[in-house]
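# Tertiary structure, described
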Amino acid sequence: MNAKITAEGWQSSLDKFFKKEDKMAVNRRTGAAPGDLLLFVADKASIVNSCLGTLRLELAKRLNLIKKEDFALVWVTKFPLLEYNEEEGRLESVHHPFTSPLEEDLPFLQDRPENVRARAYDIVLNGSEIGAGA
């Protein structure tokens, strides 16, 4: 869903679901001003994150924000150790079942296993994974 910001307020089918003060708070929090577009995604976190990630990359391409001559490396660490599989109805390993948990997260294994992070990493170049380890 989206909301176009105009001098008169939001132009959106979402308008009727938000109080005026809530819309103003959203505008303040996002820095939205007339001429801007707010995009909303609502679902479980994994779907929202995937959708917004795809949208971010598509907009970056369309707006030529990615410089082809640049090489941007990033190490991604502290992944979740486990994620909930809705179809199976259980937690399962994100990387592989032999990945160790971070020592500082060991106290969470019994009561809050979804909060445990893995001793794993990815090396990413320009948005593409080029290596991983645990």
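In this text the structure is predicted, and so the values were computed from the model without any measurement.

Thresholds, definitions, all that
- Residues numbered from 1 in each chain as written.
- Predicted model: local features only at pLDDT ≥ 70, side-chain atom pairs only at ≥ 80, totals over all residues.
- Heavy atoms only, no water.
- Helix = DSSP H or I, 4+ residues; strand = E, 2+ residues; numbered from the N terminus.
- Rg over C-alpha atoms; globule rule 2.2 N^0.38 Å.
- Buried < 20%, exposed > 50% of the residue type's maximum accessible area, 1.4 Å probe, protein only.
- Contact = heavy atoms within 4.5 Å.
- Areas by Shrake-Rupley, 256 points an atom, 1.4 Å probe, with all protein chains shown as cover.
- Lys, Arg positive; Asp, Glu negative; His and termini not counted.
- Charge placed at Lys NZ, Arg CZ, Asp CG, Glu CD.
- Core = buried A, V, L, I, M, F, W, Y, C linked by side-chain atoms within 4.5 Å.
- Pairing = 2+ DSSP bridges.
- Axes fitted to C-alpha atoms, helices over the stretch in contact; angles between N-to-C directions.
- Patch = residues over 30% accessible without salt bridge, like charges linked within 9 Å, V, L, I, M, F, W, Y side chains within 5 Å.
- Salt bridge = Lys/Arg side-chain N within 4 Å of Asp/Glu carboxyl O.

### Quick word on the overall build of the protein
Within the protein one finds 2 helices and 8 strands. Secondary structure elements of the protein occur, N-terminal to C-terminal, as β-β-α-β-α-β-β-β-β-β. In terms of overall dimensions, the protein is more spread out than a globule: its C-alpha atoms have a radius of gyration of 20 Å, far above the 14 Å expected for 134 residues. Principal-axis analysis of the C-alpha atoms gives the protein an extent of 55 × 45 × 30 Å. A burial count over the protein gives 21% of its 134 residues as buried. Counting contacts in the protein only where the partners sit at least 6 residues apart, residues at least 24 apart contribute 46% of the total. Looking at the protein as shown, the accessible area adds up to about 10,500 Å², and 53% of this sits on carbon and sulfur atoms. Mean positive and mean negative side-chain charge positions of the protein (18 and 21 charges, respectively) differ by 7 Å.

### Observations concerning the nonpolar core
Membership of the largest hydrophobic core is limited to 6 residues, which are Phe79, Leu81, Leu82, Val116, Ala118 and Ala120. If near-sequence neighbours (up to four positions away) are discounted, valine 116 is found in contact with Phe79, Pro80, Leu81, Leu82, Pro101, Asp105, Phe108 and Leu109. Ranked by size, the runner-up nonpolar core spans 5 residues in total, among them Ala3, Ile5, Trp10 and Ala32.

### Remarks on the sheet that holds strand β7 (residues 121–125)
Strand order across the open sheet formed by 3 strands is β4-β7-β8, with antiparallel pairing between neighbours. The open sheet terminates on both sides in strands that have one partner only, identified here as β4 (73–77) and β8 (128–133). Sheet twist, expressed as the average angle between the axes of neighbouring strands with direction ignored, equals 25°. Where β4 meets β7, 5 bridges bridge the pair, whose relative direction is antiparallel. In the sheet register, leucine 73 faces β7, and the bridge partner there is leucine 125.

### Thoughts on the environment of leucine 82
Along the chain, leucine 82 turns up in strand β5 (residues 82–85). The contacts of leucine 82, once residues within four sequence positions are left out, are Leu91, Glu92, Ser93, Val94, Pro113 and Val116.

### Quick word on a nonpolar patch on the surface
The grouping of Leu37, Leu39, Leu59, Leu63, Leu65 and Ile66 at the surface amounts to a nonpolar patch, some 590 Å² of accessible area in total. The topology assignment puts isoleucine 66 in the loop between α2 (45–62) and β4.

### Some details on the environment of alanine 32
Secondary-structure assignment places alanine 32 in the loop between α1 (20–30) and β3 (37–39). Remark: the alpha-carbon pair of alanine 32 and isoleucine 5, spanning 27 residues in sequence, is separated by 7.1 Å. Other than its neighbours up to four places away in sequence, alanine 32 contacts Ile5, Asn27 and Leu38.

### A closer look at the pairing of strand β1 (residues 2–6)
Where β1 and β3 come together, 3 bridges link them in antiparallel fashion. Counterpart to alanine 3 in the pairing with β3 is leucine 38. Relative to strand β2 (residues 9–11), β1 runs antiparallel, the two being bridged by 3 bridges. Following the sheet pairing, isoleucine 5 is matched in β2 by tryptophan 10. Here β1 folds back onto β2 in antiparallel fashion, the turn holding 2 residues.

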